[in-house]
Amino acid sequence: MSHKDIEYTTVTEVAGPLIIVDGVKDVAYNEVVKIKTSTGEERTGQVLEAFTDKAIIQVFEGTKGLDTDKTSVRFIGETMKLGVSKDILGRVFDGTGNPIDNAPPIIPEERREINGNPINPYAREYPSEFIQTGISTIDGLNTLVRGQKLPIFSGAGLPHNEMAAQIARQAKVLGKEEKFAVVFCAMGITSEEANLFIRDFENTGALERTVMFLNLADDPTIERIILPRMALTCAEYLAFDLNMHVLVILTDLTNYAEALREIAAAREEVPGRRGYPGYMYTDLAMLYERAGRIKGKKGSITQIPMLTMPDDDITHPIPDLTGYITEGQIVLDRGLHKKDIYPPVAVLPCLSRLMDRGIGEDRTREDHADVSNQLYAAYAEGCDLRDLVAIVGEDALSERDRKFLKFADEFEQKFVKQESHENRSIVQTLTIGWELLSDLPTAELKKIDEKYIKKYLPKTKEEKE
Amino acid sequence: MSNKQQEGKIIRISGPVIEADGMRGAKMYDVVRVGGENLIGEIIRLNEDNAIIQVYEDTNGLRPGEMVISTGMPLSVELGPGLLANIYDGIQRPLPAIQEKTGEFIARGVEAPAIDRKKKWYFKPTVKAGEKVNGCDVIGEVQETSIITHRIIVPPELSGKILTIEKEGDYTVEEDIAVVSNGGGDVKLQMMQRWPVRKPRPVAKKYDPTLPLITGQRIIDTFFPVAKGGTAAIPGGFGTGKTVMLHQLAKWSDAQVVIYVGCGERGNEMTDVLREFPKLEDPKSGEPLMNRTVLIANTSNMPVAARDASVYTGITIAEYYRDMGYDVALMADSTSRLAEAMREISGRLEEMPGEEGYPAYLASRLAEFYERAGRVKLICSKDKEGSISVIGAVSPPGGDFSEPVAQNTLRIVKVFWALDADLADRRHFPSINWLKSYSLYLNEIQSWWKKEIGEGWLKLRNKAMALLQKESELQEIVKLVGPDALPPKERGLLEGARMIREDFLQQSAFHEVDTFCPGKKQYEMLRLILKYFDKTQEAANKNIHIDDVINMNSRENLARMKNVSNKLFDKKFQETEKDLDKEFSLLEKGGS
């Protein structure tokens, strides 16, 4: 007999987001559960631990109002699935996968397991297609490529959402018009923040190619555990079944990790660093590793996860574990933000691991790698000198050092800073870079091949005369 | 002894850990098949009738009551021709075969033999009937790839007389190629053998490592060398270049066989190796590097229980090639993920946690793993050697080396390459911090360098180190008074140290020439840079203005030495040296 029809009223314990049900039979690990409160309200849960006669269940919508008397529990006989179909584009879903845009539910072509299976590394295609975002600090110094996962490490109150919206708006692959889609997954952000994205998608007409999964700040926290999994299942369908290039925006991973910690604490697990569960690395990897390209398939999944570093601390477990999995990171800096520099990208700790393969002669321009390295090195030197100046004063510096000091300031003002609607081409970005470098002594441009210096370095005034 | 297989039923499922009853008689670390999908698991604790099992595949949808069947065998790997140039998952299933069976995504319960059963290999016997053989004695050869001759060896625990041996010809790995009589009975041998991964293959004796593992990386070979058969750890926060460094070592190390274990890291990194290695040439043979490499991939999203298996699988394959008499290098990226997997499983077993939630046996497990490295005398009848060098990456949380995995690793390994986020931020790569790193092999291997490369090797190296040390002290003063306030000699010293840092230690993994730097070239580069430094000190004594020395033309030649072709550098460096001498003597004349 299928146990689908049995309603158990044997809840013995309610603790935090968890309930424990006794006397059950044949419960599968991770099986989905429907819970009915004494007032008739229905909630959804998932089995966290299965015993022969007992199950521990996490309740997505929270355990408020549940009791150990009348609350009834029904196991639906399958693990969490998402129905997918072509019509999914343009739709909005809540944390349990139900549409909330007042349109009829979609008729699924297929129902997919939301945990997904790992991509076989042998089947992966190495990402190498340059995406122009129009933001100099990304395109020029930390290039994004199709199939990459490049997170934005931000802090509370920094404009990471504006930046993500700008990327979603401007991102394109040069010289190609291809099918693309955006999957937007909001975990615990405020409705104001969510509206910023929605408005932006509306204005650019991207809304009909966007799928939204929303769990706002006042929605049940535990839903945040399954939300990104649904979003990524949807993205995989769009990318690898419908051959679309999908940009997935996940915000805010910090809220996701908090939800993870909440469950771990309720289960009385041995905590790892700062109370986060020991398996958080694996858990985050299950999300981030779903980005990529597959040999022989046209589509791709590019992920921009966003997280706010608690107290701007990059060594906090959330950014730390993320950085170990993702292919680089864009770090935002409060100091730059205070100086009114948008986007406040702290250039030095940023990185794009896939950049080397995405730039160069056929992709961006031959001198790109050298210019980028030189800008980095010069800016790093300038920043060091700032510290020195704070102690000895500018007068104690040599002529050469003063040039580097000035370079650092100019670099922030001209290269890093841009308007939120300014879409710079890669050539514009490189040109700004060369102009800044031309203020340094040419002999100091050690990281650039001589032939590029001859070809691209703007002539200084004296030389022209 | 009964051959009865234990059959039990699942009574609890918690993530990758399940509990089954009715398992009395099953042995610790036996492999079991779990549930209707035949998932693979391993027994990690026994309690009367109950067994606790870690499952190497996703346990979603598994139900209590499903069957658990013990295979009665510990987790083993298949060893034989066909390992090289292949890529496996953590429990030695070949990923290309998995793709053929289940498509681009790895589904559960897939079975695929590690070594192709159908492929025929051309076997040449090297012994005759009647000869006596011991464990690890070579009985025949197979040309496995263009670089590596696969020596077919007698399994370590067998010895006796060859009764029959097959003629030269094509055989599959399962066909009998020899029969050995060992007193107790006749044993048929095939080209393939099995070995349990958690049990080290026996060796006769461990030697001290005296030969360097040449890696072509200047900061490693010259400053912090690792020996063949040695152990090294490379800890660093994210973005400090651990993986690039390990890839470089896998590419250019002068080991004959390389095992690369991607343990809990990014999928794209394995793809990168798969894409790049077939194209790169082995500097010695000119053949594709892939032909000497075995890849093991348990990426971060693959099942966590198989993470610890992946490392053991890797080291067992390494031991097998060592037993053929090869020098093997194993890279594990990253051992922290292995430790985290142990922590996760330990947590699910509700064991008493040690430091930061890691199990109390973390240190002993790490030691067990690294101890399988070494330069050894093989157990075979002839006096033969083989070696395994192990290089493990460590990913400390927050880049803080005081955490348990880094600390326990440092207690075991002899070489420590400390990656530094500050250096990485300013794009100084490899970002190995020269003040924090160390190598305990310097004395053991110096005789090789002196004999093969140059008498003054250790002196040069120590002089350069002293210079860098002095620089860091001077930097403290510079921070207070500015560089211009220093006396000329000190400024010369700062310049010398800067040249060592920028023109010697920095090395580009992506530059076609600079990616690999031969030992001789390293020696000459360092000699010339230090010569320049000596000259600056002399010049300072002769009251030549330090700015003239700093701005001289030869400096640019010195800075570009790293990109001079590895074949022609001798001649070019001689010219550079001449120019340097000339320029200094001109200065001296002008100055006096």
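The rules we used
Residues numbered from 1 in each chain as written. Chains lettered and ligands numbered in written order. Predicted model: local features only at pLDDT ≥ 70, side-chain atom pairs only at ≥ 80, totals over all residues. Heavy atoms only, no water. Contact = heavy atoms within 4.5 Å. Buried area = accessible area lost by both parts, 1.4 Å probe. Salt bridge = Lys/Arg side-chain N within 4 Å of Asp/Glu carboxyl O. Polar contact = N/O pair within 3.5 Å; in protein donor to acceptor, adjacent residues only side chain to side chain. Helix = DSSP H or I, 4+ residues; strand = E, 2+ residues; numbered from the N terminus. Pairing = 2+ DSSP bridges. Expected span 1.5 Å × (residues − 1). Buried < 20%, exposed > 50% of the residue type's maximum accessible area, 1.4 Å probe, protein only. Axes fitted to C-alpha atoms, helices over the stretch in contact; angles between N-to-C directions. 1 Å grid on protein atoms, 1.4 Å probe; cavity = no way out; pocket = protein on both sides within 12 Å on 5 of 7 lines; lining within 4 Å. Points joined across faces, edges and corners; volume = space filled by probe spheres on them. Nonpolar A, V, L, I, M, F, W, Y, C, P; charged D, E, K, R; others polar. Domains from an automatic or database assignment. Patch = residues over 30% accessible without salt bridge, like charges linked within 9 Å, V, L, I, M, F, W, Y side chains within 5 Å. Areas by Shrake-Rupley, 256 points an atom, 1.4 Å probe, with all protein chains shown as cover. Phe/Tyr/Trp six-rings, centres within 6.5 Å; stacked < 30°, edge-to-face > 60°. Lys NZ or Arg CZ within 6 Å of the ring centre and 35° of its normal. Disulfide = S-S within 2.5 Å.

Taken together, the contacts link 71 residues of chain B with 80 residues of chain A. Taking both partners together, chain B and chain A bury about 6300 Å²; carbon and sulfur atoms supply 53% of that area. Of all residues in chain B, Phe238(B), Arg266(B) and Arg427(B) bury the most surface against chain A, accounting for 13% of the area lost on that side. Our count for the contact surface shared by chain B and chain A stands at seven salt bridges. With a closest N to O distance of 3.3 Å, Glu502(B) and Lys446(A) form a salt bridge. Counting across the chain B and chain A interface gives 30 residue pairs in polar contact (both at pLDDT 80 or more). Secondary-structure elements contributing two or more residues to the side of chain B that touches chain A are strand S1 (7–14), helix H1 (95–102), helix H4 (267–276), helix H6 (335–348), helix H11 (457–481) and helix H12 (488–505) of chain B.

So, about the sheet that holds strand S16 (residues 186–190) of chain B. Residue and element names in this part refer to chain B. Taken together, the four strands give an open sheet; going across it, the order is S10-S13-S15-S16, and neighbouring strands pair in antiparallel fashion. Looking at which strands have only one partner, the edges of the open sheet turn out to be strand S10 (132–133) and S16. One ladder, built from two bridges, connects S10 with strand S13 (residues 160–165); its direction is antiparallel. In the strand pairing of S13, Val133 is matched with Gly160.

So, on to helix H5 (residues 253–266) of chain A. Residue and element names in this part refer to chain A. Look at H5: 20 Å from first C-alpha to last across 14 residues, which is about the 20 Å you get at 1.5 Å a residue. Among the residues of H5, Leu253, Thr254, Asn255, Tyr256, Ala257, Ala259, Leu260, Ile263 and Ala264 are the ones counted as buried. Taking the backbone nitrogen of Thr254 as reference, a side-chain oxygen 2.7 Å away marks Asp252 as the first, capping residue of H5. Of the residues trailing H5, Glu268 is marked for its positive phi of about 55°.

Residue and element names in this part refer to chain B. Taken in spatial order, the four strands make up an open sheet running S12-S11-S9-S14, and their pairing is antiparallel. Edge positions in the open sheet fall to strand S12 (149–153) and strand S14 (169–171), since each of these has one partner strand only. Strand-to-strand twist in this sheet, taken as the mean axis angle between neighbours without regard to direction, amounts to 40°. Looking at chain direction, strand S9 (residues 121–125) and strand S11 (residues 138–143) are connected through three bridges and run antiparallel. Directly across from Phe123, in S11, lies its bridge partner Val142.

What follows covers empty space enclosed by the protein. Inspection of the entire model under this criterion finds four cavities of 30 Å³ or more. Estimates place the volume of the largest cavity at around 860 Å³. Lining the largest cavity are 42 residues, with Tyr29(A), Asn30(A), Asp283(A), Met286(A) and Asp58(B) sitting closest to its centre. Contributing elements (two or more residues each) for the lining of the largest cavity: strand S4 (42–51), helix H4 (223–241), H5 and helix H6 (280–288) of chain A together with H6 of chain B. Of the residues that constitute the lining of the largest cavity, the class distribution is 18 nonpolar, 13 polar and eleven charged.

Moving on, we get to the domain arrangement of chain B. All names here are of chain B. Domain boundaries in chain B define domain 1 (3–75), domain 2 (120–193), domain 3 (205–441) and domain 4 (457–591). On a C-alpha basis, the centroid separation for the pair domain 1 and domain 3 is 31 Å. Of the residues lining the interface, 15 residues belong to domain 1; the matching set on domain 3 comes to twelve residues. When domain 1 packs against domain 3, close to 990 Å² is buried across both sides, 60% of that on carbon and sulfur atoms.

On to the environment of Arg411(B), then. Residue and element names in this part refer to chain B. Secondary-structure assignment places Arg411 in the loop between helix H8 (404–410) and strand S25 (415–416). With 48 residues separating them along the chain, Arg411 and Ala363 place their C-alpha atoms 8.9 Å apart. A distance of 2.9 Å separates the side chain of Arg411 from the side chain of Asn408, its partner in a polar contact.

Attention now goes to a nonpolar patch on the surface. Taken together, Ile391(A), Ile477(B), Leu480(B) and Val481(B) make up a surface patch of nonpolar side chains, about 370 Å² in accessible area. In terms of residue count, H11(B) provides more of the nonpolar patch than any other element does, three residues in total.

Bringing the pattern of salt bridges into the picture now. In the structure shown here, the tally under the stated rule is 81 salt bridges over all chains. Note that Lys339(A) is salt-bridged to Glu412(A), the shortest N-O span being 2.9 Å. Of this pair, Lys339(A) sits in the loop between helix H8 (334–338) and strand S20 (351–352) while Glu412(A) sits in helix H11 (residues 399–416), and the two are 73 residues apart along the sequence. Judged by relative accessible area, Lys339(A) falls into the partly exposed class, the value being 42%. A salt bridge links Glu385(B) to Arg375(B), with the shortest nitrogen-to-oxygen separation between them at 2.5 Å. You can see Glu385(B) sitting in strand S24 (residues 385–394) and its partner Arg375(B) sitting in strand S23 (residues 374–377), a full ten residues away along the chain. Using a relative accessible area of 38% as the deciding quantity, one classes Glu385(B) as partly exposed. Arg375(B) gets classed as buried once you look at its relative accessible area, which sits at 12%. When salt bridges with common partners are traced through the structure, they connect Lys520(B), Glu524(B), Arg527(B), Lys531(B), Lys535(B), Glu577(B) and Asp581(B) into a single cluster.

Attention shifts here to the packing of aromatic side chains. The final tally for this structure, using the stated rule, is 24 aromatic pairs over all chains. Between Phe197(A) and Phe201(A) the ring centres are 6.3 Å apart and the planes differ by 40°, which places this aromatic pair in the tilted class. In this pair, Phe197(A) and Phe201(A) are both assigned in helix H3 (residues 191–203), four residues apart and thus about one turn of the helix distant. Exposure class is identical for Phe197(A) and Phe201(A). Each is buried. Ring geometry for Phe401(B) against Phe416(B): centres 6.0 Å apart, planes inclined by 75°, an arrangement best described as edge-to-face. Of the two residues, Phe401(B) sits in the loop between S24 and H8 while Phe416(B) sits in strand S25, which places them 15 residues apart along the sequence. Owing to a relative accessible area of 6%, Phe416(B) belongs among the buried residues under this scheme. One aromatic cluster is present, built from ring pairs that chain together Tyr379(A), Phe407(A), Phe411(A) and Phe415(A). Its guanidinium or amino end placed over the ring of Tyr276(A), Arg261(A) lies 4.2 Å from that ring's centre, counting from NZ or CZ. Positioned over the ring face of Tyr122(A) is Lys295(A), at 4.8 Å from the centre of the ring.

Quick look at the environment of Gly184(B) now. Residue and element names in this part refer to chain B. Among the secondary structure elements, Gly184 is positioned in the loop between strand S15 (176–181) and S16. On the basis of relative accessibility, which here comes to 79%, the residue Gly184 falls in the exposed class. In sequence terms Gly184 and Ser439 are 255 residues apart; their C-alpha atoms lie 49 Å from each other.

With respect to the helices and strands, the residue Gln6(B) is situated in the segment before S1. Dropping the residues within four chain positions of it, Gln6(B) is found in contact with Met23(B), Arg24(B), Gly25(B), Ala26(B), Val68(B), Ile69(B) and Ser70(B).

Residue and element names in this part refer to chain A. Mapped onto the elements of the fold, Asp200 is located in helix H3. The exposure class assigned to Asp200 is buried, which follows from its relative accessible area of 16%. Each residue touching Asp200, except ones within four places of it in the same chain, is listed here: Ala165 and Arg169.

The next point concerns H6(B). Residue and element names in this part refer to chain B. Compared with an ideal rise of 1.5 Å per residue, which puts 14 residues at 20 Å, H6 spans 20 Å between its outermost C-alpha atoms and is within 8% of the ideal. Of all 14 residues making up H6, 13 are buried, and the element is well covered by its neighbours. The backbone nitrogen of Ser336 lies 3.2 Å from a side-chain oxygen of the residue at the head of H6, namely Ser334. Just past H6, the residue Glu350 takes up positive phi, approximately 55°.

All names here are of chain B. Per the stated rule, a full pass over the model turns up zero disulfides over all chains. Summary of cysteine pairing: Cys136 is not part of a disulfide, and the nearest cysteine sulfur, belonging to Cys380, is at 6.6 Å. Overall, Cys136 belongs to the buried group, its relative accessible area being 1%.

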